[in-house]
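For reference, the chains in residue letters:
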Amino acid sequence: MEAPPTAPEFAAIPGFEVTTAVAAGFAADGISTPTAVQHAAIPPILEGRPVVVESGTGTGKTLAYLLPVLQRLRQGLARRAVCVAPTTELAIQILRVAARYQEPTLRAVALVTQGNQRLQAARLQKSTALVVGTPERILEAYAARKLAGTNLVVLDEPEPILARPDAERLREILSRPEPRVQLVLAGATFGPQSERWIRDLMGSELVRTRV
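These notes cover the structure that comes with them. (Residues numbered from 1 in each chain as written. Predicted model: local features only at pLDDT ≥ 70, side-chain atom pairs only at ≥ 80, totals over all residues. Heavy atoms only, no water.)

Some points on the packing of aromatic side chains
The geometry of an aromatic ring pair is captured by the separation of the ring centres together with the interplanar angle, meaning the angle of the planes. Per the stated rule, a full pass over the model turns up 3 aromatic pairs. With centroids separated by 5.6 Å and ring planes inclined at 70°, the aromatic side chains of Phe 26 and Tyr 101 adopt a geometry described as edge-to-face. Pair noted here: Phe 26 is in helix α2 (residues 20–29) and Tyr 101 is in helix α5 (residues 88–101), with a separation of 75 residues, a long-range link. Counting every residue linked through ring pairs, the aromatic cluster contains Phe 10, Phe 16, Phe 26 and Tyr 101. Over the aromatic face of Phe 190 sits the side chain of Arg 208, whose NZ or CZ is 5.6 Å from the ring centroid. (Phe/Tyr/Trp six-rings, centres within 6.5 Å; stacked < 30°, edge-to-face > 60°. Helix = DSSP H or I, 4+ residues; strand = E, 2+ residues; numbered from the N terminus. Lys NZ or Arg CZ within 6 Å of the ring centre and 35° of its normal.)

What follows is the structure, encoded as structure tokens:
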């Protein structure tokens, strides 16, 4: 699809498609030029590779992973994507950003600590393509077999997520051979726990961006 004239530099990123929905998101957010971290992270995530996105606050890190995640969902290359955030506030923020760029037909849901658990669970259907939530709710959904088919997982700010007592449960899920999961870690800092996950789970195809 030919890119709208409002986003030629995004259209020049290898493999990236500027759809009508994406162009509308750029217009709503006043974005015309990709940031350095978006230039670096979008292509390898589109390729299906494990990616570490290391970049500070205000650098465009959220869109650096959300834009390619939404495209892989749209193209059917990802069956379902799960984004884990350490707090309810961050999870809701991510979902709101995604809503500005996703196709109207894409189903997305939040599974967060501060909310009606029963109502959230009812909204999670087989057709839900994007799930954004806090660790405990995401793990509950996995335990209930509500996240079958997930093959793309993002940890946004992994350090506090991996410091939790239940982090090993998440590690076990991501270590399963089927379905093979594309793992993306995005954060400003990466400590010992994150580095261990990167070493043990992300393999030789890892692309690490530091911007």
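Section: the sheet that holds strand β2 (residues 81–84)
Strand order in the open sheet formed by 7 strands is β3-β4-β2-β5-β6-β1-β7, and the pairing between neighbours is parallel. What marks the edges here is a single partner per strand, and that holds for β3 (107–111) and β7 (207–210). Across the sheet, the mean angle from the axis of one strand to that of its neighbour is 15°, orientation sign disregarded. For β2 and strand β4 (residues 128–133), the ladder comprises 4 bridges, and the chain directions are parallel. Residue pairing for β4: Val 84 is matched across the bridge by Gly 133. (Pairing = 2+ DSSP bridges. Axes fitted to C-alpha atoms, helices over the stretch in contact; angles between N-to-C directions.)

Some remarks on the packing of helix α9 (residues 167–174) against helix α10 (residues 192–201)
As a packed pair, α9 and α10 sit with axes 12 Å apart at the nearest point and diverge in direction by 20°. Considering their axes alone, α9 and α10 lie roughly parallel with respect to each other. Crossing geometry of α9 relative to α10 is assigned as right-handed. Contacts from Ala 167, Glu 168, Leu 170, Arg 171 and Leu 174 in α9 reach Arg 196, Trp 197, Asp 200 and Leu 201 in α10. Residues belonging to the contact of α9 with α10 are distributed by class as follows: 5 nonpolar, no polar and 4 charged. (Parallel < 35°, antiparallel > 145°, perpendicular 65-115°, else oblique. Left-handed = near helix turned anticlockwise from the far one by under 90°. Contact = heavy atoms within 4.5 Å. Nonpolar A, V, L, I, M, F, W, Y, C, P; charged D, E, K, R; others polar.)

Here we look at the environment of Ala 12
Within the secondary structure, Ala 12 is located in the loop between α1 (8–11) and α2. The class of Ala 12 is exposed, set by a relative accessible area of 58%. (Buried < 20%, exposed > 50% of the residue type's maximum accessible area, 1.4 Å probe, protein only.)

Observations regarding the environment of Phe 26
Of the residues examined, Phe 26 reaches a relative accessible area of 3% and is grouped as buried. Sequence separation between Phe 26 and Arg 169 is 143 residues, and the spatial gap between their C-alpha atoms is 37 Å.

What to know about the nonpolar core
Ranked by internal contacts, the top residues of the largest apolar core, which has 45 residues, are Phe 16, Phe 26, Tyr 65 and Leu 67. Take this core: its biggest share by element is 8 residues, from helix α4 (residues 61–74). Ignoring sequence-local partners within four residues, the contact set of Phe 16 consists of Phe 10, Ala 11, Val 22, Phe 26, Ile 42, Leu 46, Leu 67 and Gln 71. Among the nonpolar cores identified, the runner-up in size contains 26 residues, and Leu 124, Ile 138, Ala 141 and Leu 170 belong to it. (Core = buried A, V, L, I, M, F, W, Y, C linked by side-chain atoms within 4.5 Å.)

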